[in-house]
There are 2 protein chains.
Amino acid sequence: MAGIKDVAQVAGVSVATVSRALSGRGSVSASAQEAVQRAAAELGYVVSSSASGLASGRTRNVGVLVPVINHWFYASVLEGISRRLMDEGYDTTLYQLTKDRGQREKVFSDFLLRQRVDAVIAVNVELNSEEVQALHALDKPLVGVGGPLPGVPTLHVDDEGISALATEHLISLGHRRIGFIGGNEETDVDFRVPSHRRTGYEQALHDAGIAVDENLCVGADFTMPQAYAVAKQLLGNPASRPTALMAASDEMAIGAILAARDLGMQVPRDLSVIGVDNHDLAEMFGLTTIEQRPHEQGELAVAMLLRAIRGEEPAHAHKVDHRLVVRSSTSRPLDAA
Amino acid sequence: MAGIKDVAQVAGVSVATVSRALSGRGSVSASAQEAVQRAAAELGYVVSSSASGLASGRTRNVGVLVPVINHWFYASVLEGISRRLMDEGYDTTLYQLTKDRGQREKVFSDFLLRQRVDAVIAVNVELNSEEVQALHALDKPLVGVGGPLPGVPTLHVDDEGISALATEHLISLGHRRIGFIGGNEETDVDFRVPSHRRTGYEQALHDAGIAVDENLCVGADFTMPQAYAVAKQLLGNPASRPTALMAASDEMAIGAILAARDLGMQVPRDLSVIGVDNHDLAEMFGLTTIEQRPHEQGELAVAMLLRAIRGEEPAHAHKVDHRLVVRSSTSRPLDAA
DNA sequence: ATGAAAGCGCTAACAG
DNA sequence: CTGTTAGCGCTTTCAT
């Protein structure tokens, strides 16, 4: 394995010049630049991250905190992050924060303190103040995707706005009895999302002069199967069921559509359904939804972070756009037809 | 940030002793051990990975190569890997191998050569010989999940056995016209899986004295939507359609079930469907399937790797178990009832 | 069992 | 613009 000295020798310059030429820090003559590049390529030289990191304090690696990986949103954000980081020559180190308190603690007291990362991205993890403090103590840039996180610049969609828009869409079609499938206590901890989506839903109803009917609001864990189950409950009674349903995620919306079908209902004739995400499966089910682009969120988070790493600007919160995608799962209610 | 010197001072020993006490390499008296532990805890000392890596050549980090993240199998394997690595005090660094040739090349010519990892796990990536060579040149343990990879110890399910078992299940129920939804050229590159599953299917038919009917075999990209589309095609003609269908993945099987429903067919009355995976959604659809446990595969891969890292044994291929999970999507064919 | 000291391979003053 | 050199914070001989 060739070292910087070898490159210096072959290029006929000093190691300092090699370092400068390859890192782009400090000025190097065109000829030296060229010679170094040539020698490095010839020898297949790649800088040792340990040595470089030790000497410079920069690792070209960022840590990503996620609660789960096997989930459309997280996996997508992760893909966006890792792709973008790789483009910039950065590595991505993954820290999965499980429910296990011990493990979680170790991440903050050990793993992240090893000085292996230049910065940290927290994806939808509800950090407590101690944890935020531990991260701040690292004195490394930190951004959150899907906050808000107290004291941390975050990037996130407007959850309230999203569900308000979804609900307004249903209202504008003429629906008055609009059900809601949100999260439950458990998901609210990790996602921080469900309660905001509920708020937007209620707000939209309120603005339209429609009273919130608690009986039409149920909770699930953001998975299709659980949403299927609760939707079946909700839609089971023909007398009391809603004419439209908003789900806080597309997977839950799809669960609801399947439940409706199994109850002999037709979507959207007997029930309009709208979701949130624009999930890969949304199109197949003709699902009307509010799109959020997790890939882009991941990429944006990286962009923010890099700016902060380079000292160009102290990262500050951004809001990510969303938009309504109308497909065939929503229509005017039967009785208004 | 406390350094090893601080710990040595507080503990009243030399830095060498601190290093030994904390790493478990070399012998240390109980009293020194105790003093060091105490001092380290008090100071919140955590070893610098750069410094330690530079001096020892060990990084306590492993690189994971994946083609995609946003997919049930990969995300699950990744979860298993990262969890298990974390248990062992190792970090997980993610390298996503996209279709982009340039990026992909950079991973092998740059990223992996930075000496940031002690070992590499390749998850279902079809490495060419140059890439395998590049990895071997690293002289770091390497294991593959979902091979086979020429010259690389891998961990994988028996794809042929799996699809043979699935097909046999259908045959044993009395089916003779059994369709197959496999992969296409594109997925075959990444997954390496489709063709093997096709082979097992054909083998099973052959063993039962049933001729393979090309018209009953279609390909998709392992996603639900595309399987839905091709299944609809396949099942559209009542005269020629099969009585049972085996799909090379659960997501595709579910797509097929939905297609059948939309064609007015009842599963399993008019069509039996079996998949492969035991995906999170399988139960909800009552899907009979062959289970493979990606989490376990990830964990096993880590176990193999650690043994190799510790020089306990040169990793060699393992085979992962699978089992038939019978639910309600398969039954005897109508005409045999 | 322990300490002194020589690196590990690079970066960043500093001097020129 | 370039070279010399002193570390970066650890690990690991080598003595003792």
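Just so it is clear, the structure is predicted and the values come from calculations on it, not from any experiment.

Colleague: Talk me through the overall build of chain A; I want residue IDs and the actual numbers.
Modeller: Secondary structure summary: chain A contains 13 helices and twelve strands in total. Against the compact-globule benchmark of 20 Å for 337 residues, chain A has a radius of gyration of 25 Å, which places it well outside the compact range. Expressed as a percentage of its 337 residues, the buried residues of chain A come to 53%. At a minimum sequence separation of 6, the contacts of chain A that also span at least 24 residues come to 72%. Total accessible area on chain A stands at roughly 13800 Å², and carbon and sulfur atoms take up 48% of it. With 31 positive and 42 negative side-chain charges, chain A shows a spacing of 3 Å between the two charge centroids.

Colleague: So what's going on with the packing of helix α1 (residues 4-11) of chain B against helix α3 (residues 30-43) of chain B? Residues and values would help.
Modeller: All names here are of chain B. Relative to each other, α1 and α3 sit at 125 degrees, their axes nearing to 8 Å. Looking at the two axes, α1 sits oblique to α3. Two packed elements cross with a definite hand, and for α1 against α3 that hand is right-handed. Packed against α1, whose contacting residues are Asp6, Val7, Val10 and Ala11, the element α3 presents Ala35, Val36, Ala39, Ala40, Glu42 and Leu43 at the interface.

Colleague: So what's going on with the relation of the copies chain B and chain A? Which residues, and what values?
Modeller: The transform that puts chain B on chain A rotates by 180 degrees and translates by 0.0 Å along the axis, for an RMSD of 0.1 Å. Given the turn and translation reported, the copies of this chain are related as if by a two-fold rotation axis. The residues that chain B uses at the interface reappear at the interface of chain A in 100% of cases, marking a shared surface.

Colleague: A description of the sheet that holds strand β9 (residues 272-277) of chain A should follow, citing residues and the corresponding values.
Modeller: Two modes of strand pairing occur in sheets, parallel and antiparallel, and in both the strands are linked by backbone hydrogen bonds. All names here are of chain A. Spatial ordering of the open sheet is given by β7-β6-β8-β9-β10-β12, a layout of six strands whose pairing is mixed. Every interior strand has two partners, whereas the edge strands, β7 (217-219) and β12 (323-325), have only one. On average, each strand axis in the sheet is inclined to that of its neighbour by 20 degrees, with strand direction left out of account. Across the sheet, helix α8 (residues 159-172) lies against β6 (178-182), β8 (244-247), β9, β10 (288-291) and β12, angled at about 165 degrees from β8, the strand it touches most.

Colleague: Outline the UniProt feature "domain: HTH lacI-type" (unreviewed entry) in chain A, supporting the account with residue identities and numerical values.
Modeller: Annotation from UniProt places "domain: HTH lacI-type" (unreviewed entry) at residues 2-56 of chain A. For residues 2-56 of chain A, helix accounts for 71% and strand for 0%, while the C-alpha atoms at its two ends are 20 Å apart.

Colleague: Outline the pattern of salt bridges, supporting the account with residue identities and numerical values.
Modeller: Tallied over the full model, the rule gives 30 salt bridges over all chains. With a shortest N-O distance of 4.0 Å, Glu79(A) and Arg83(A) are connected by a salt bridge. Highlighted residues: Glu79(A) and Arg83(A), both in helix α5 (residues 72-87), separated by four residues, approximately one helical turn. Taking relative accessible area as the criterion, Arg83(A) reaches 29% and is therefore assigned partly exposed. Between Arg114(A) and Asp91(B) there is a salt bridge, with the nearest N and O atoms lying 3.2 Å from each other. Pair noted here: Arg114(A) is in the loop between α6 (101-109) and β3 (119-123) and Asp91(B) is in strand β2 (residues 91-96), and the two residues belong to different chains. As far as burial versus exposure is concerned, Arg114(A) and Asp91(B) are alike and both buried. Taken together, the shared-partner salt bridges in this structure form one network comprising Glu291(A), Arg293(A), Glu296(A) and Arg323(A).

Colleague: Provide a residue-level description of the protein's contact with DNA strand C, including the pertinent values.
Modeller: Near DNA strand C there are 25 residues, and of these Ile4(A), Ser19(A), Tyr45(A), Arg58(A) and Ser27(B) occur at the shortest range. Of all DNA strand C atoms lying within 4 Å of any protein atom, the proportion belonging to sugar or phosphate reaches 69%. Within the contact set of DNA strand C, a phosphate oxygen lies 2.5 Å away from a side-chain nitrogen or oxygen of Arg58(A). Ala55(B) places a polar main-chain atom, nitrogen or oxygen, 3.4 Å from a base oxygen of DNA strand C. For the surface near DNA strand C, the secondary structure elements donating two or more residues are α2 (15-23) and α4 (49-56) of chain A together with α2 (15-23) and α4 (49-56) of chain B. Looking at the surface near DNA strand C, its residues break down into twelve nonpolar, nine polar and four charged.

Colleague: Lay out the interface of chain B and chain A in plain terms, naming residues and giving numbers.
Modeller: The partner chain A presents 54 residues to the 54 residues of chain B that form the contact. Across the interface of chain B and chain A, roughly 4900 Å² is buried in total on both sides, 57% from carbon and sulfur atoms. Here Arg116(A) ties to Asp91(B) by a salt bridge, and the two come within 2.3 Å at their closest N and O atoms. There are 27 residue pairs in polar contact (both at pLDDT 80 or more) connecting chain B and chain A. Among the elements that line the side of chain B that touches chain A, the one with the most residues is helix α5 (residues 72-87) of chain B, at nine residues. In terms of residue class, the side of chain B that touches chain A is made up of 24 nonpolar, 18 polar and twelve charged. Pairing of strand β2 (residues 91-96) of chain A with β2(B), which is carried by three bridges, proceeds in the antiparallel orientation. Counted as the bridge partner of Thr92(A) is Leu94(B) from β2(B).

Colleague: Go over the protein's contact with DNA strand D, please, and point to the residues and values.
Modeller: Residues in contact with DNA strand D amount to 25 residues; listed here are only the nearest, Ser27(A), Ser29(A), Ile4(B), Ser19(B) and Arg58(B). Among atoms of DNA strand D positioned within 4 Å of the protein, sugar and phosphate together represent 67%. In this structure, a phosphate oxygen belonging to DNA strand D sits 2.5 Å away from a side-chain N or O atom of Ser19(B). The contact in question runs from a phosphate oxygen of DNA strand D to an N or O atom on the side chain of Ser52(B), over 3.4 Å. Those elements that place two or more of their residues in the surface near DNA strand D are α2 and α4 of chain A together with α2 and α4 of chain B. Here the surface near DNA strand D gets four residues from one element, more than from any other, and that element is α4(B). Within the surface near DNA strand D, the residues separate by chemical class into twelve nonpolar, nine polar and four charged.

Colleague: Before we move on, could you go through the packing of aromatic side chains and cite the residues and values that matter?
Modeller: Residues and elements named next belong to chain A. The full count for this structure, using the stated rule, is six aromatic pairs over all chains. Here Phe180 and Tyr201 contribute two aromatic rings whose centre-to-centre distance is 4.7 Å and whose plane-to-plane angle is 25 degrees, an arrangement assigned as stacked. Taken together, the residues Phe180 in strand β6 and Tyr201 in helix α10 (residues 194-207) connect sequence positions 21 residues apart. Taken as a pair, Phe180 and Tyr201 share a single burial class, namely buried. Note that Arg114 overlies the ring of Phe111, its terminal NZ or CZ placed 4.4 Å from the centroid.

Cut-offs and rules
Residues numbered from 1 in each chain as written. Chains lettered and ligands numbered in written order. Predicted model: local features only at pLDDT ≥ 70, side-chain atom pairs only at ≥ 80, totals over all residues. Heavy atoms only, no water. Helix = DSSP H or I, 4+ residues; strand = E, 2+ residues; numbered from the N terminus. Rg over C-alpha atoms; globule rule 2.2 N^0.38 Å. Buried < 20%, exposed > 50% of the residue type's maximum accessible area, 1.4 Å probe, protein only. Contact = heavy atoms within 4.5 Å. Areas by Shrake-Rupley, 256 points an atom, 1.4 Å probe, with all protein chains shown as cover. Lys, Arg positive; Asp, Glu negative; His and termini not counted. Charge placed at Lys NZ, Arg CZ, Asp CG, Glu CD. Axes fitted to C-alpha atoms, helices over the stretch in contact; angles between N-to-C directions. Parallel < 35°, antiparallel > 145°, perpendicular 65-115°, else oblique. Left-handed = near helix turned anticlockwise from the far one by under 90°. Least-squares fit on C-alpha atoms with pLDDT ≥ 70 in both. Pairing = 2+ DSSP bridges. UniProt positions renumbered as here; feature names shortened; annotations may be inferred. Salt bridge = Lys/Arg side-chain N within 4 Å of Asp/Glu carboxyl O. Near = heavy atom within 4 Å. Polar contact = N/O pair within 3.5 Å; in protein donor to acceptor, adjacent residues only side chain to side chain. Nonpolar A, V, L, I, M, F, W, Y, C, P; charged D, E, K, R; others polar. Buried area = accessible area lost by both parts, 1.4 Å probe. Phe/Tyr/Trp six-rings, centres within 6.5 Å; stacked < 30°, edge-to-face > 60°. Lys NZ or Arg CZ within 6 Å of the ring centre and 35° of its normal.

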